[in-house]
Amino acid sequence: MTTTYIGYMSSPPDIPTYAILRDTGAFPRALAEKMRAFPGSLPSTCKLIGSWAVFGPAPNVVIVETESVADLQHIDNHYLGWVIFDWHPCIPMPRDL
């Protein structure tokens, strides 16, 4: 059985991601590489539903469907040191396919 999770993303306080973005106009190269590699890194038991980001103090969001919390740990490990996730299971609303 799959479960849908919302992951609220934030930067660790010791990583100056927003300062680098503000000063250079670009994400740090290592973080940009992780972002590009993310969809392809997901296990076959995990499906990326969507994600979005806002500039500023509000949390960014990623939504996944997964068969195991081990998939959430995989995502945590993928972004280790760059992003902190706060995962919450949810009940998705019906949608037309």
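Below, the structure is looked at part by part. (Residues numbered from 1 in each chain as written. Predicted model: local features only at pLDDT ≥ 70, side-chain atom pairs only at ≥ 80, totals over all residues. Heavy atoms only, no water.)

**Structural notes on the overall build of the chain**
Move 1: The secondary structure content of the chain amounts to 3 helices and 4 strands.
Move 2: If you list the helices and strands of the chain from N to C, you get β-α-α-β-β-α-β.
Move 3: Referenced to the eigenvectors of the C-alpha coordinate spread, the extents of the chain come out at roughly 45 × 25 × 25 Å.
Move 4: Within the span of the chain, comprising 97 residues, buried residues form 31% of the whole.
Move 5: Across the chain, every contact between residues at least 6 apart in sequence was considered, and the portion connecting residues at least 24 apart equals 66%. (Helix = DSSP H or I, 4+ residues; strand = E, 2+ residues; numbered from the N terminus. Buried < 20%, exposed > 50% of the residue type's maximum accessible area, 1.4 Å probe, protein only. Contact = heavy atoms within 4.5 Å.)

**Structural notes on the packing of aromatic side chains**
Move 1: Tallied over the entire structure, the rule returns 3 aromatic pairs.
Move 2: Ring centres of Phe38 and Tyr79 lie 5.4 Å apart, and the angle between their planes is 45 degrees; on these two criteria the pair is classed as tilted. Placement of Phe38 in helix 2 (residues 29-41) and of Tyr79 in the loop between helix 3 (69-78) and strand 4 (84-90) is noted, with a sequence separation of 41 residues between them. With respect to class, Phe38 is no different from Tyr79; both count as buried. (Phe/Tyr/Trp six-rings, centres within 6.5 Å; stacked < 30°, edge-to-face > 60°.)

**Some points on helix 3**
Move 1: Within helix 3 the residues assigned to the buried category are Asp71, Leu72, Ile75 and His78. Buried residues in helix 3, looked at end-on, bunch into an arc of 120 degrees, giving them a common side.
Move 2: In this fold, the buried residues of helix 3 make contact with strand 1 (3-10), helix 2, strand 2 (46-52), strand 3 (60-66) and strand 4.
Move 3: In this structure Ser68 caps helix 3, since a side-chain oxygen of it lies 3.0 Å from the backbone nitrogen of Ala70. (Arc of directions from axis to C-beta. Polar contact = N/O pair within 3.5 Å; in protein donor to acceptor, adjacent residues only side chain to side chain.)

**Describing helix 2**
Move 1: If you check helix 2, its first and last C-alpha atoms are 18 Å apart, about what 13 residues at 1.5 Å a residue would give, namely 18 Å.
Move 2: A maximum bend of about 25 degrees is found in helix 2 at Met35, where proline Pro39 lies one to four positions downstream.
Move 3: What helix 2 keeps buried is the set Leu31, Ala32 and Phe38. (Expected span 1.5 Å × (residues − 1). Bend = angle between axes of the 7 residues up to and from the residue.)

**Considering the layout of surface pockets**
Move 1: Of the voids in this model, the largest pocket is the one considered here, and its volume is about 410 Å³.
Move 2: Together, 22 residues line the largest pocket, and Met9, Phe27, Met35, Ala53 and Asn60 are the ones closest to its centre.
Move 3: Elements that contribute at least two residues to the lining of the largest pocket include exactly strand 1, helix 1 (17-24), helix 2, strand 2 and strand 3. (1 Å grid on protein atoms, 1.4 Å probe; cavity = no way out; pocket = protein on both sides within 12 Å on 5 of 7 lines; lining within 4 Å. Points joined across faces, edges and corners; volume = space filled by probe spheres on them.)

**Focus: the sheet that holds strand 3**
Move 1: Taken in spatial order, the 4 strands line up as 2-3-1-4 in an open sheet, and their pairing is antiparallel. The open sheet is flanked by strand 2 and strand 4, the only strands paired with a single partner. The mean inter-strand angle of the sheet, taken between neighbouring strand axes irrespective of direction, is 25 degrees.
Move 2: Sheet contacts for helix 3: strand 1, strand 2, strand 3 and strand 4; angle to strand 4, the most-contacted strand, approximately 155 degrees. (Pairing = 2+ DSSP bridges. Axes fitted to C-alpha atoms, helices over the stretch in contact; angles between N-to-C directions.)

**Quick notes on the environment of Leu48**
Move 1: Within the fold, Leu48 resides in strand 2.
Move 2: Judged by its relative accessible area of 30%, Leu48 is partly exposed.
Move 3: When the C-alpha atoms of Leu48 and Trp87 are compared, they prove to be 14 Å apart, with 39 residues separating the residues in sequence.
Move 4: The residues touching Leu48, leaving out its near neighbours within four places in the chain, are Phe38, Pro39, Leu42, Val62, Ile63 and Val64.

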